[in-house]
Each structure stands twice: as structure tokens, then as C-alpha cells.
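Breakdown of the fold
Residues per chain, in single letters:
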Amino acid sequence: MGVGSFFTSRLDEAIGWARKYSIFQYPFVTACCGMEYMATACSHYDVDRFGAGLPRFSPRQADVLFVVGTISHKMAPVLKRIYEQMTEPKWVVAFGVCTCTGGFYDNYATVQGIDTIIPVDIYIPGCPPRPGSSSACARASARASSRRTRSAVTTPRSWSGRRCRAP
Amino acid sequence: MERTALPGALSLCRDDPDLGFDVLMDLTAVDYQKYPGREDGPRFEVVYHLYSLAHNHRVRIKVRVDEDDAVVPTAVPLWPIANWLEREVWDMFGVRFDGHPDPRRLLMYEEFVGHPLRKDYPINRRQPLIGPRI
């Protein structure tokens, strides 16, 4: 029994290593944070160095859901459906304060944080986040994706997310 | 302007060659409930901004309607853009447009209760469409 679990844990780590720097993100962009997301993804602050250079614009083909920009209550069912259409394993990055907590939109129309709707793994604050800090958080999400895979088989998914600090 | 005279006046504005207001620039409403000096009297005022391309002049037409009887004749037969503008006024203020072909909410979702841009709607009242997940 010890030998068997040795092999499965090594296999988990191998899969985690493979998933670590091959991020296929689905940039669910709605608002102004999208501009900073594009700035992060383009040549000056590159995301391709983390292996996230090919955004998949389909939830079936993506594993990380980057929610970028303000989500209104009218958009919330759409976001939830997109999240449910993604296949396991999946991670969610809340990019920008509007997705973390609702931002400065303390009103009737904005969802006060998308973690009321879907579980979030990484929170990136900022209005909009500076590309330097958001690329650091992309790297953290890479590490989180490798770590999560290791425990996906045995432990239930935890709802708490990790917060990125701006450098 | 009085509400009953509105359709005639708008079609005159559009069709008369000297006036020639062929563009409806904006159709919006104002809530005078908390306006100092104008709180008595009808609550809502529907405002039309018209522009003439040929003559390069503009006009603003205002119609005051009461809260209990907030119905105004529609401008959709004259200007097709009034379709969405009137839907927005209905969504945000609750002023109905008589004869509008598609009276749905425009900016808020369908199940929303209330009219947000009225003065007595608190800005941070939460009405989530999807409740918090367990």
C-alpha cells in the first residue's frame, strides 16, 4: 500500500508540474480592467513567460477563468453559467477590485464581489491592477494550479482564495 | 408643454420644413421630488432634445407628468430610436409610454423590483439576481 501511494503522489506531482506553466486562461473581460489585462498580456509585461500566452475564448478549452472588470447583476447568471461550463480542474482569478469586492460601485447594480457567486482562488486588487503586480499574481496562480492538483484527488476544494500583494 | 399636445407638437417639429427636427438626440426624465423650489407639482418631467441637421438648430421639449398618472404618448412612430430611450426611462423612472411596442427593462434585469433613478430609491439597496452561494 505504501508503494502504491508513492506512485500516485509522484504522478500527481508530475501532473502538477505539467500544469504549472501551461495556463490556458479564459479572459472574461467586461470593463476597464480589460485594458490593463491586455497590457499585461502584451509584449512589455509578458504573460507568455508563464506559459499563459494563448487565451482560450471558450470555457470548454480553458482551465483558468480570469474575471476582469465589473460584473453587474444582469451579467451574474452568465458568469455562473460560464464557470459551470468549464471542466475540472478549474481555477478562478478575480482581477481588479470590482470583482474582488465590488470596487467603488457600492450600488444596486453591481455584484459586490464575485466570490458571492463562484469560488475564487486568486484575488488581484487594483483599479486597475498594475501590470507588474498582476503578472506576479499570474505566476502565483501558476504555482497554485500545481499545488491544487496535488490535493485534488484527496481533499475537498477549499473556498478561501489567496490574495496577491502589490509589489 | 401639456401631455395631450405632445404627439401633435412632435410630429410638427419633425415634418414642418422650416423646423425640420429629424434627429431625436435624447429622451430622458427628471425626478423633481427633492428639487428645492419645485417639489410641489407633477413629479416627473420627460425631456426631449431635438436637433435639425438641415438648419442646425436644437430645441428642448419638456412634459411634466404626475407620479400617479405617469403615462406619456410614445414617440416611436416618429423616431425609431425612441424605442430604447423610452425603455430606459421606463426602467429608471417608471414613466410609461402609451403605445410602445416593446415595454421591457433596458438596463436592469427583468426581475428587478423598483425604478432605480428615482430619488427615493436608495443607491445601495441590494437586489442580487443570484443569491450568495452556500
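A short tour of the structure in this document, coming up. The structure presented is a predicted model; accordingly, all values stated were derived computationally and were not measured.

1. Thoughts on the pattern of salt bridges
All names here are of chain B.
- Taken as a whole and assessed by the stated rule, the structure comprises eight salt bridges over all chains.
- The salt bridge partner of Asp102 is Arg87, with a shortest N-O separation of 3.9 Å. With Asp102 in the segment after β5 (96-98) and Arg87 in helix α2 (residues 82-92), this pair connects stretches of sequence that are 15 residues apart.
- Looking at Asp102, the relative accessible area reads 26%, which means it is partly exposed.
- Taking the relative accessible area as the measure of exposure, Arg87 reaches 6% and is therefore buried.
- Note that Asp91 is salt-bridged to Arg105, the shortest N-O span being 2.4 Å. Here Arg105 lies in the segment after β5 and Asp91 lies in helix α2, a separation of 14 residues in the sequence.
- What emerges from the salt-bridge pattern is a single network uniting Asp31, Arg43, Glu67 and Asp120.

2. Let's talk about the sheet that holds strand β1 (residues 23-31) of chain B
All names here are of chain B.
- With respect to topology, three strands assemble into an open sheet ordered β1-β2-β3, the strand pairing being antiparallel. Either end of the sheet is taken by a strand with one partner, and the two such strands are β1 and β3 (58-65). Averaged over all pairs of adjacent strands, the angle between strand axes in this sheet comes to 15 degrees, irrespective of strand direction.
- As paired strands, strand β2 (residues 44-51) and β3 are joined by eight bridges and run antiparallel to one another. Looking across to β3, one finds that Tyr48 is bridged to Ile61.

3. Let's talk about the pairing of strand β1 (residues 25-29) of chain A
Residues and elements named next belong to chain A.
- The element β1 is extensively covered by neighbouring structure, given that four of its five residues are classed as buried.
- For β1 and strand β2 (residues 64-68), the ladder comprises five bridges, and the chain directions are parallel. Among the inter-strand pairings, Pro27 is bridged to a residue of β2, identified as Phe66.
- Following the backbone out of β1, through helix α2 (residues 33-41) and into the adjacent parallel β2, one traces a crossover that is left-handed.

4. Topic: unusual backbone geometry
- Between Glu88 of chain A and Pro89 of chain A the backbone carries a cis peptide bond, its omega angle lying at -10 degrees.
- Counting through the fold element by element, Pro89 of chain A comes out in the loop between α3 (76-85) and β3 (91-95).
- Across the junction of Cys127 of chain A and Pro128 of chain A, the peptide omega takes the value -15 degrees, indicating a cis bond.
- By secondary structure assignment, the location of Pro128 of chain A is in the loop between β4 (122-124) and α5 (131-152).
- Even without being a glycine, Asn56 of chain B presents a positive backbone phi close to 55 degrees.

Here is what the cut-offs are and how they apply
- Residues numbered from 1 in each chain as written.
- Chains lettered and ligands numbered in written order.
- Predicted model: local features only at pLDDT ≥ 70, side-chain atom pairs only at ≥ 80, totals over all residues.
- Heavy atoms only, no water.
- Salt bridge = Lys/Arg side-chain N within 4 Å of Asp/Glu carboxyl O.
- Helix = DSSP H or I, 4+ residues; strand = E, 2+ residues; numbered from the N terminus.
- Buried < 20%, exposed > 50% of the residue type's maximum accessible area, 1.4 Å probe, protein only.
- Pairing = 2+ DSSP bridges.
- Axes fitted to C-alpha atoms, helices over the stretch in contact; angles between N-to-C directions.
- Right-handed = clockwise from strand over helix to strand, strands pointing away.

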